Amino acid sequence: MSNRIVIGVDVGGTFTDILALDETAGSVNVAKTPSTRGDQSVGFLEGILKVTDDLANVATIIHGTTVATNALLERKGAKTGIITTAGFRDVLEMRRRDRPTTWGLWGQFTPVVERVHRLEVTERTLADGTIRVPVDLDEVKSAAKTLLEEGCEAVCLFFINGYANSENETRAAEVLRDIWPNDHVSVATEILPEIREFERCSTTTLNAYLQPPVANYLGRLENRIAEENKDTEILIVQSNGGVMSVDTAKSRPIRTALSGPAAGVVAARQIAGAAGFDNIITGDMGGTSFDVSLVADGQNMLTAQANIDFGMTIRTPMIEMTTIGAGGGSIAHIDDTGFLEIGPESAGSDPGPVCYGLGNTRPTVTDANLVLGRIDARNPIGGKQDRLDINAAMAAIDTHIAKPLGLSVHDAAEAIIKVANAKMGGAIRLISIERGYDPKQFAMMPFGGGGALHTGAMMRDIGLGASIVPRYPGVNSALGCVMSDLRHDEVRTMNTMLDDLDCGQLAEMIAAITENSTAIITQSKASLEQIDRVIELDMLYLGQSHSVAVPISGDPKKLTIDAIKDAFSASYARSYSRPLSGIPIRILNLRLSVIGIRPSVDLNILAQGERAPNMEDCILADQQIYAGGAWHDAKIIDRLRLPEGAVVYGPALLVQGDATIYVDPKLKAKTDAFGNIIMTEVEE
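This one's a predicted model, so the numbers in the text were calculated from it and none came from an experiment. (Residues numbered from 1 in each chain as written. Predicted model: local features only at pLDDT ≥ 70, side-chain atom pairs only at ≥ 80, totals over all residues. Heavy atoms only, no water.)

Caption draft 1: The overall build of the protein chain, seen in detail. Looking only at helices and strands, one finds 16 helices and 35 strands in the protein chain. The globule rule puts the C-alpha radius of gyration for 684 residues at 26 Å, and the 26 Å found for the protein chain is close to it. For the C-alpha atoms alone, the extent of the protein chain along its principal axes is close to 80 × 60 × 55 Å. In the protein chain, buried positions account for 56% of the 684 residues. Taking as baseline every contact in the protein chain between residues at least 6 positions apart, the subset at least 24 positions apart corresponds to 69%. Summing over all exposed atoms, the protein chain offers an accessible surface of approximately 27,900 Å²; the carbon and sulfur share of this is 47%. Between the mean site of the 62 positive side-chain charges and the mean site of the 87 negative ones, the protein chain shows a separation of 3 Å. (Helix = DSSP H or I, 4+ residues; strand = E, 2+ residues; numbered from the N terminus. Rg over C-alpha atoms; globule rule 2.2 N^0.38 Å. Buried < 20%, exposed > 50% of the residue type's maximum accessible area, 1.4 Å probe, protein only. Contact = heavy atoms within 4.5 Å. Areas by Shrake-Rupley, 256 points an atom, 1.4 Å probe, with all protein chains shown as cover. Lys, Arg positive; Asp, Glu negative; His and termini not counted. Charge placed at Lys NZ, Arg CZ, Asp CG, Glu CD.)

Structure below.
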């Protein structure tokens, strides 16, 4: 049998989600398995074996990983050193002189590299690219040997103004790589050849910090998969929603931060577009967090920079998201002021919520949903337990929340959900209303194991027009892995006035970057339908510090200064209402993305499966649901067997193996041609 299966794997804090797509057979197989935090590759392989018993049939595995994110958040990267220009060893620690608490006078920050491991060497490049002092290669050798003696596994090479002229860094890198015993050498002009020293230093340092754990993890995966099928290709999802080869991921692991949530947004955009929704707000609720992103006019929102944690700045293209600690495993507690709070601490997958019966005694959001009847205790997702322990969940809520607040157990459980919903609503407002978008013009797309339990509340509290729940919400990020295209991003600092621009030189630069980036993505064995290119210039008026992204279309060889100026004026007007006049314009950076378009996924495949002849045949059981301080009669319904066009009125539970959909009172849910559930308000 020939290789024909493509598998998407998304590793989350609680579950590892798997989706196997066999387009030849026209079938989809999904699975969830508990994540193994000590070694994610264990859960990865267990999950794959749930969807196929023969890896010889697997052509490609596309993987969204949290190894990099967890290593950053938990400070569990490799012992790393920095070799930098004399006088600049503290760039990483000084940051932008910001504070953890905006209004606080005090703050604490510990960089991932101790000061003793930040070593200086003699060299100096000026901002215009002039080499004032050539690099002292003997000092580079000495610094490298010192770091190795101190037990450093990885090293960052960062010279001031290296973006303007990389000669000193290039010479030092050659010497450093001859001495360093492994491939964990990150050079700033290779990772981020862009103006702004802290961002370049931080990004390159974090890349080095992540290289050993990410490379070791991916190496284990490669070896294990190769034992079964040496022809299976593994691709890794980037935070920009594209995918890259394992070799690229090993050398640039910083691009894998937030890769799993990014894949979910990729799938959400394509599913929503096919269903007729161009404007959506995604809500990915897993076991530890709630990730929100916005898709406007069918386009993902990208950002050039993000902070994983305070002082840990990453400057690389990524899908813009807001993340809060409000997942199913987030622990509810009474804070020091006597108020009910949710998270950020999470029970994760081990021990998990109280109802899992694995040793946790503090109530979580999942426990509250279970007590309220919004989860079917007899059919827990993920297959970790045969049945959820509702009595244990009630006891935990009673002890830790109900009695301290003087509430009944069920009112306390509803209070937990209301606080969680308020936090989620705040994240949605931050990414929509505060950026000028009207939520009424957007539909909510919830996914993750818990997102569809809260979508009705988001519609009501935020004023969203509708909600679209994908066919497999619990493994939507794994589906996004399968849907993602190959992508490689590059940036070059130009730092020139527009009137002084040499358009011919710009065209040559674009051609050279395109050729190199195309070579990188075509190393993959993945079949590509076409190769696209996206070109942008970061531009601003003289005297400004924040730039706008200016798309450049057409043949670069035919670019003119007037055409670029018109494009900048249009982009500036979109951001700030109108362009300015009489002020010189500066071009800061050139950004170029080469995208290898993989064959599209036929979304009709997702709707395949046995359908009941009528809705009554989909009813599994009766259920009591607590909402608004009262009990309601409801039905538990097999979501995957609902016929097209079936309408379910709330309150109700739509259950499936990877997630549960809670249809609130006064809402109705209707299935569409792609197997999605469209939720809207019941007309009075």
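This is not the end of the story, as more comes after the structure.
Caption draft 2: Just the packing of helix H12 (residues 409-431) against helix H13 (residues 455-462), in detail. Packing of H12 against H13 brings their axes to within 10 Å, and their N-to-C directions diverge by 60°. Judged by the angle between their axes, H12 and H13 are oblique. You can see that H12 and H13 cross each other, and the crossing is right-handed. Across from Asn-421, Met-424, Gly-425, Ile-428 and Arg-429 in H12, the residues of H13 making contact are Ala-457, Met-458, Asp-461 and Ile-462. Among the residues forming the contact of H12 with H13, the class breakdown is five nonpolar, two polar and two charged. (Axes fitted to C-alpha atoms, helices over the stretch in contact; angles between N-to-C directions. Parallel < 35°, antiparallel > 145°, perpendicular 65-115°, else oblique. Left-handed = near helix turned anticlockwise from the far one by under 90°. Nonpolar A, V, L, I, M, F, W, Y, C, P; charged D, E, K, R; others polar.)

Caption draft 3: Quick peek at the sheet that holds strand E6 (residues 118-121). The strand order across the open sheet formed by four strands is E6-E5-E9-E10, and the pairing between neighbours is parallel. Where the open sheet ends on each side, the last strands, each with one partner, are E6 and strand E10 (185-187). Neighbouring strand axes in the sheet, compared pairwise and without regard to direction, differ in orientation by 20° on average. Looking at chain direction, strand E9 (residues 154-158) and E10 are connected through three bridges and run parallel. Across the sheet, Leu-157 pairs through a bridge with Val-187, a residue of E10. Most of the contacts of helix H4 (residues 137-149) go to E6, to which it runs at about 165°, and overall it touches strand E5 (80-85), E6 and E9. Here helix H7 (residues 197-228) sits on the sheet and contacts E5, E9 and E10; the angle it forms with E9, its principal contact strand, is near 160°. (Pairing = 2+ DSSP bridges.)

Caption draft 4: Structural detail: the nonpolar core. In terms of nonpolar packing, the biggest core is built from 71 residues, with Ile-397, Leu-654 and Met-679 touching the most fellow members. With 11 residues, the top contributor of residues to this core is H12. Setting aside residues up to four positions removed in sequence, Met-679 forms contacts with Thr-455, Met-459, Ala-466, Ser-467, Val-469, Ile-661, Tyr-662, Val-663, Leu-667, Lys-668 and Ala-669. Counting 62 residues, the second largest nonpolar core, distinct from the first, contains Ala-272, Val-475, Leu-590 and Leu-603. (Core = buried A, V, L, I, M, F, W, Y, C linked by side-chain atoms within 4.5 Å.)

Caption draft 5: The arrangement of helix H16 (residues 561-576) in detail. The end-to-end C-alpha separation of H16 is 22 Å, in line with the 22 Å expected for 16 residues at 1.5 Å each. All of the buried residues along H16 are Ile-564, Phe-568, Ser-571 and Tyr-572. For H16, the buried positions fall inside an angular range of 100° around the axis, keeping them on one side. In H16, the exposed positions that point more than 90 degrees away from the buried face belong to Asp-562, Asp-566 and Arg-574. In this structure, the buried side of H16 is in contact with helix H15 (503-521), strand E26 (530-541), strand E27 (548-552) and strand E28 (585-597). Once H16 finishes, Ser-577 follows within two positions and takes phi at roughly 80°, a positive value. (Expected span 1.5 Å × (residues − 1). Arc of directions from axis to C-beta.)

Caption draft 6: Layout of the packing of helix H9 (residues 259-274) against helix H14 (residues 476-483). The contact between H9 and H14 brings their axes to 7 Å, and the two run at 80°. Between H9 and H14, the angle falls in the class roughly perpendicular. Packed against H9, whose contacting residues are Gly-260, Ala-263, Gly-264, Val-266, Ala-267, Ala-268, Gln-270 and Ile-271, the element H14 presents Asn-476, Ser-477, Leu-479, Gly-480, Cys-481 and Met-483 at the interface. Its residues placed into classes, the contact of H9 with H14 shows eight nonpolar, six polar and no charged.

Caption draft 7: Structural detail: the environment of Ala-567. Position of Ala-567 among the secondary structure elements: in helix H16. In this structure the C-alpha to C-alpha distance between Ala-567 and Leu-235, which are 332 residues apart in sequence, comes to 35 Å. Contact partners of Ala-567, with chain neighbours within four places excluded, come to Val-550 and Pro-551.

Caption draft 8: Summary view of helix H1 (residues 40-51). Compared with an ideal rise of 1.5 Å per residue, which puts 12 residues at 16 Å, H1 spans 18 Å between its outermost C-alpha atoms and is within 8% of the ideal. The inward-facing, buried residues of H1 contact strand E1 (5-11), strand E2 (15-22), strand E3 (27-34), strand E4 (58-64), helix H2 (67-73) and H7.

Caption draft 9: Structural context of the pattern of salt bridges. As enumerated under the stated definition, the model contains 28 salt bridges in all. One salt bridge in this structure joins Arg-315 and Glu-194, with 2.7 Å as the shortest N-O distance. Of this pair, Arg-315 sits in the loop between strand E18 (312-314) and strand E19 (318-319) while Glu-194 sits in the loop between helix H6 (188-191) and H7, and the two are 121 residues apart along the sequence. In this structure Arg-315 comes out as buried when scored by relative accessible area, which is 13%. In this structure Glu-194 comes out as buried when scored by relative accessible area, which is 1%. (Salt bridge = Lys/Arg side-chain N within 4 Å of Asp/Glu carboxyl O.)

Caption draft 10: Geometry of the pairing of strand E17 (residues 306-309). Examined bridge by bridge, E17 and E18 share three bridges and lie antiparallel to one another. Pairing of Asp-309 across the sheet is with Met-312, part of E18. Between E17 and E18, which pair antiparallel one after the other, the connecting turn spans two residues, and Gly-311 there sits at a positive phi close to 80°.

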